[in-house]
Structure formats: C-alpha cells, structure tokens
Amino acid sequence: MPNSALFKPFEFKSIKSKNRIAMAPMTRTMAPNGIPGEANAAYYERRAKGGVGLIITEGTVIDRPGSKMAPDVPNFFGAAMDGWKNVVEKVHAAGGQIVPQIWHVGNVGMAKGWEPSKIDSPSGYIMPDKQNTEPMTEEDIADTIAKFAESAKAAKDVGFDGIELHGAHGYLIDQFFWKELNKRTDKWGGATIKERNAFAEAVIKACRAAVGDDFAIIIRISQWKQQDYEARLATTPDEMTEWLGGLVDAGADILHCSQRRFWTPEFEGSDLNFAGWAKKLLGVPTISVGSVGLDGEFLGAFRGQGSEVAPIDGLIKRIENDEFDMIAVGRALLSDPEWVAKIKENRAEELQAFDRRDLAVLK
Ligand SMILES: Cc1cc2nc3c(=O)[nH]c(=O)nc-3n(C[C@H](O)[C@H](O)[C@H](O)COP(=O)(O)O)c2cc1C
C-alpha cells in the first residue's frame, strides 16, 4: 500500500495511536460560555470515526481571567470538565486517542466586547513597540504556572491520553520565549533563549509533577509568531538545541513543531523541516504540520481563502524516512471528517478541498 508508512501505530507513554495522523489543534470558538457540549463532542467523534489516530483539541484555556480572547473558547477547568469527559468518552469509543491543547493567550487582541479584568504578559507589550499593560508580577506568574498544572491534572482525571501545552504562535508561553515581548531583567527574562525558557520550563515541571512520569506531555512550539511571521527563536541548530533541549530536560516528551508548510527546510544545507531537525538534535519523538493535502497555507483561511486538494507523496516520503513521528492535519480535517479514511483507502478523488465557509460551522 503506498500510504502504509502513515498507518503504522505510534506509541509513547500514555499515547497509543493506531496511525501517524494527528488532528491539528484548531480554535473554533463554539463552546458556549466556555463549556463544550454535545455539538463539540460530536465534532471530535466524527474525526475519530473517520480514522484520526490522535486528536489534539482546539486550544482550551486555564483558569486565569485573561487566558482566552473570546468567551466561547472552551475552558479547561471547573464546569467545563464534564463536557470534556463526554468528548473523551466519545472519541475513545470510536477508537481514537485525544489530548487537550492547554492554552493561555497572554497579551493579544481580544474579541470585541470581551474585556478580561487582567491581561497576563511578560513585560506588558502587545507588539514589540507597543506596551499596553503591566508586566506580570511574581504572584501572577506563580498562579499561572499552578493553573497550567491544575488543568494538566484535570486532563488526566477525565481520561485524556496526554496533554499538549500551547507554546507556539505568539501566545503567552511563546511571549516569554521571544525577546521582542519578553524584556524582563529578572529570572524570567534574559538575553539568551536558554534564559527566556524559564517560564516554559517551570510550566512543564509543574505539569509533570501533577500528572506523573507516564502521562505524555507534548509541547507545541513555532519559530513564527502571529505578531511577526518572519520571527525566529533559533537561527542555528545549536540555538535550537538550547531552546528545545531545555524543554525536554524539564520533562516534555514530544515536540510538536509548527510550521506553515511542512516541506520548508528549517536550516540551509538540508531538506529537513523543523520537526526533522528537532528529532535529529534532541532524539525525542516529533510531530510535524503545515498544509498537508492542500495547496495553500492556513493563514490564508483567516483572509477568506479556501485551498484545493494537493498530493501527499512528499509527506509519505518523509514519514518513510523517519524524519518525524506524526503529522498533524488541520484544515483538510476541518472540512472533511473522513479525510484519513479516504487516504487509507486510496479514495483520492473523494477528498474535499478546504472551504472557508466551514470555519463558521462544526461539521
Ligand atoms: C481555524 C483554525 C484555528 C486554529 N487554532 C489553533 C489553535 O487553537 N492552536 C494551535 O496551536 N494552532 C491553531 N491553528 C493552526 C493549526 O493547528 C495548524 O498548525 C495550521 O492550520 C496548519 O495546518 P494546516 O495547513 O493543515 O491547516 C489553527 C488553524 C486554523 C485554520
């Protein structure tokens, strides 16, 4: 079978995926007042029934006033946990595995009419040259770390198969990584990525202490930021080792390396992408992502663009070469819950393109 590399199991600690395909985390802002209901559970259940090995949920937030940028982003604490338990049960019954993406947005633009009582931010900057609030105090930082750990524990308690921490795309954890937004001079800041890793490492350690050694912790990271698509935290392999090595040493098991197109090389002189380099340098499992099965990248979706179906031969070659362990698929799965089954059964002519109108519904 030409796709067989994609359909080998992947197992690591508590994660036992029947194949190499993950559903990428995608915020849908459709959990009324932060509580996931039957419509959200059915949405994930359809992807599990369609053959996804590991579902990574949409970003779901910790218990801090400013952890989300809109009211209908799901919570990951309190009353929402019954809703999440229902999601987990439905996905497991359909043969899938599922981890929540645990998130805090930090200092980003908030939805109109949504005004949290407190914005959390390393140095109060929303953009490199624009300060709009106060830096987090020691107390804010300690409470935020504790709330990440509480959510991690809650994930284990309701039966999830692991967790993913959202450390990418210019949100709170990434705001600490990035020197343009982290201008602190205390132990949470510094001139090097190693120093600016401190917050992420503290979050990972607290989560690890809360869930024990055998529960898988994934961290999603990216070079690019929503504030600057060209930003880079690691410009050389050595710098990447310092950055990601610190996260692994703190207790992260799997690195989910976000890029917009999975075929873009990370450093000159090699075809390896971000996840390929991370696996080679750190020797831990990695997940790649970016425009799988589609001809346009995802930021276009927010400018109202659709994407047509594209072949996945290049992806299969990379998986066969063991460059990374899993591939996350975003928009193709948002538009087509049966995308995995169609790939597995070589029903390419039935694959659906990404239609931007699908962003408005939970189909
Ligand atoms: C509607 C939408 C919402 C997204 N929300 C999140 C999110 O909550 N967390 C995250 O890490 N990435 C998020 N992303 C990025 C995706 O996880 C993924 O990295 C990106 O879409 C590239 O994959 P694709 O080209 O297969 O769509 C989102 C993407 C889309 C299209």
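Rules behind the numbers
Residues numbered from 1 in each chain as written. Predicted model: local features only at pLDDT ≥ 70, side-chain atom pairs only at ≥ 80, totals over all residues. Heavy atoms only, no water. Helix = DSSP H or I, 4+ residues; strand = E, 2+ residues; numbered from the N terminus. Rg over C-alpha atoms; globule rule 2.2 N^0.38 Å. Buried < 20%, exposed > 50% of the residue type's maximum accessible area, 1.4 Å probe, protein only. Contact = heavy atoms within 4.5 Å. Areas by Shrake-Rupley, 256 points an atom, 1.4 Å probe, with all protein chains shown as cover. Lys, Arg positive; Asp, Glu negative; His and termini not counted. Charge placed at Lys NZ, Arg CZ, Asp CG, Glu CD. Axes fitted to C-alpha atoms, helices over the stretch in contact; angles between N-to-C directions. Parallel < 35°, antiparallel > 145°, perpendicular 65-115°, else oblique. Left-handed = near helix turned anticlockwise from the far one by under 90°. Nonpolar A, V, L, I, M, F, W, Y, C, P; charged D, E, K, R; others polar. Salt bridge = Lys/Arg side-chain N within 4 Å of Asp/Glu carboxyl O. Phe/Tyr/Trp six-rings, centres within 6.5 Å; stacked < 30°, edge-to-face > 60°. Lys NZ or Arg CZ within 6 Å of the ring centre and 35° of its normal. Near = heavy atom within 4 Å. Polar contact = N/O pair within 3.5 Å; in protein donor to acceptor, adjacent residues only side chain to side chain. Expected span 1.5 Å × (residues − 1).

On to the overall build of the protein chain. From N to C terminus, the protein chain includes 11 helices and 12 strands. Its C-alpha atoms give the protein chain a radius of gyration of 19 Å, within 12% of the compact-globule value 21 Å for 363 residues. Seen along its three principal axes, the alpha-carbon backbone of the protein chain occupies a region of about 55 × 50 × 40 Å. The buried share of the protein chain, reckoned over its 363 residues, is 60%. Long-range contacts, defined here as pairs at least 24 residues apart, represent 74% of the contacts in the protein chain between residues at least 6 apart. Counting every atom, the protein chain has about 14,100 Å² of accessible surface; 50% of that belongs to carbon and sulfur. Treating the 44 positive side-chain charges of the protein chain as one cloud and the 52 negative ones as another, the clouds have centres 2 Å apart.

Packing of helix H3 (residues 138-157) against helix H6 (residues 198-211) leaves a shortest axis separation of 8 Å and a crossing angle of 40°. Relative to H6, the element H3 is oriented oblique. In terms of crossing hand, the pair formed by H3 and H6 is right-handed. Facing Ile141, Thr144, Ile145, Phe148, Ala149, Ala152, Lys153 and Lys156 of H3, the residues of H6 in contact are Phe199, Ala202, Val203, Ala206, Cys207, Ala210 and Val211. Looking at the contact of H3 with H6 residue by residue, the classes come out as 12 nonpolar, 1 polar and 2 charged.

Under the counting rule described, the total for this entry stands at 25 salt bridges. Here lysine 85 makes a salt bridge to glutamate 89, at a shortest N to O gap of 3.1 Å. One end of the pair is lysine 85 and the other is glutamate 89, both in helix H2 (residues 80-93) and 4 residues apart, which spans about a single turn. Here aspartate 174 ties to lysine 225 by a salt bridge, and the two come within 2.9 Å at their closest N and O atoms. Within this pair, whereas aspartate 174 is found in helix H4 (residues 172-177), its partner lysine 225 is found in the loop between strand S9 (216-222) and helix H7 (237-250), the two being separated by 51 residues in sequence. Taking the relative accessible area as the measure of exposure, aspartate 174 reaches 0% and is therefore buried.

This model, assessed by the stated rule, comprises 14 aromatic pairs. Between tryptophan 188 and phenylalanine 199, the aromatic rings sit 6.4 Å apart at their centres with planes inclined by 75°, giving edge-to-face as the arrangement. Of this pair, tryptophan 188 sits in the loop between H4 and helix H5 (193-196) while phenylalanine 199 sits in helix H6, and the two are 11 residues apart along the sequence. Linked through ring pairs, Trp224, Tyr229, Phe298 and Phe302 together constitute an aromatic cluster. If you follow arginine 260 out to its NZ or CZ, it ends over the ring of tyrosine 229, 4.8 Å from the centre. Across from the ring centre of phenylalanine 354, 5.6 Å away, lies the NZ or CZ of arginine 331, which sits over that ring.

This part is about the site of the ligand. Among the 18 residues in the neighbourhood of the ligand, the closest are listed as Pro25, Thr27, Arg220, Ser291 and Arg331. Between an oxygen atom of the ligand and a side-chain N or O atom of histidine 166, the distance comes to 3.1 Å. Within the side chain of arginine 331, a nitrogen or oxygen atom sits 2.7 Å from an oxygen atom of the ligand. Summarising the interface, the protein chains cover 96% of the accessible area of the ligand, which totals 600 Å² for the free molecule. Of the residues belonging to the shell around the ligand, the class tally is 8 nonpolar, 8 polar and 2 charged.

To continue, consider the packing of H7 against helix H8 (residues 274-282). For the pair H7 and H8, interaxial distance at closest approach is 10 Å and the crossing angle is 75°. Taken together, the axis directions place H7 and H8 in an arrangement best described as roughly perpendicular. Where H7 abuts H8, its residues Pro237, Met240, Thr241, Trp243, Leu244, Gly245 and Val248 lie against Phe274, Trp277, Ala278, Leu281 and Leu282. Looking at the contact of H7 with H8 residue by residue, the classes come out as 10 nonpolar, 2 polar and no charged.

Once that is clear, we can look at H3. Taking 1.5 Å as the rise per residue, H3 with 20 residues should run 28 Å; its terminal C-alpha atoms sit 29 Å apart, in good agreement. Listing the buried residues of H3 in full gives Asp140, Ile141, Thr144, Ile145, Lys147, Phe148, Ala149, Ser151, Ala152, Ala154 and Ala155. Residues of H3 that are buried make contact with H2, strand S5 (97-103), strand S8 (162-166), H4 and H6. Glycine 159, located one to two residues past H3, shows a positive phi value of around 100°.

The end-to-end C-alpha distance of H6, which contains 14 residues, comes to 20 Å, matching closely the 20 Å that a straight helix rising 1.5 Å per residue would cover. If you check which residues of H6 are buried, you get Ala198, Phe199, Ala200, Glu201, Val203, Ile204, Cys207, Arg208 and Val211. Where H6 is buried, its residues contact H3, S8, H4, H5, S9 and H7. At the exit of H6 stands glycine 212, carrying a positive phi of roughly 85°.

Leaving glycine aside, a negative phi is the common case for residues, and trans is the common case for peptide bonds. Phi at lysine 13 takes a positive value of approximately 50°, unusual for a residue other than glycine. Within the secondary structure, lysine 13 is located in the loop between strand S1 (10-12) and strand S2 (15-17). Judged by relative accessible area, lysine 13 falls into the partly exposed class, the value being 34%. If you check the backbone angles, asparagine 33 has positive phi at about 55° while not being a glycine. Here asparagine 33 lies in the loop between strand S3 (21-23) and helix H1 (38-49). A residue is classified by how much of its surface remains accessible, and asparagine 33, at 61% relative accessible area, is exposed.

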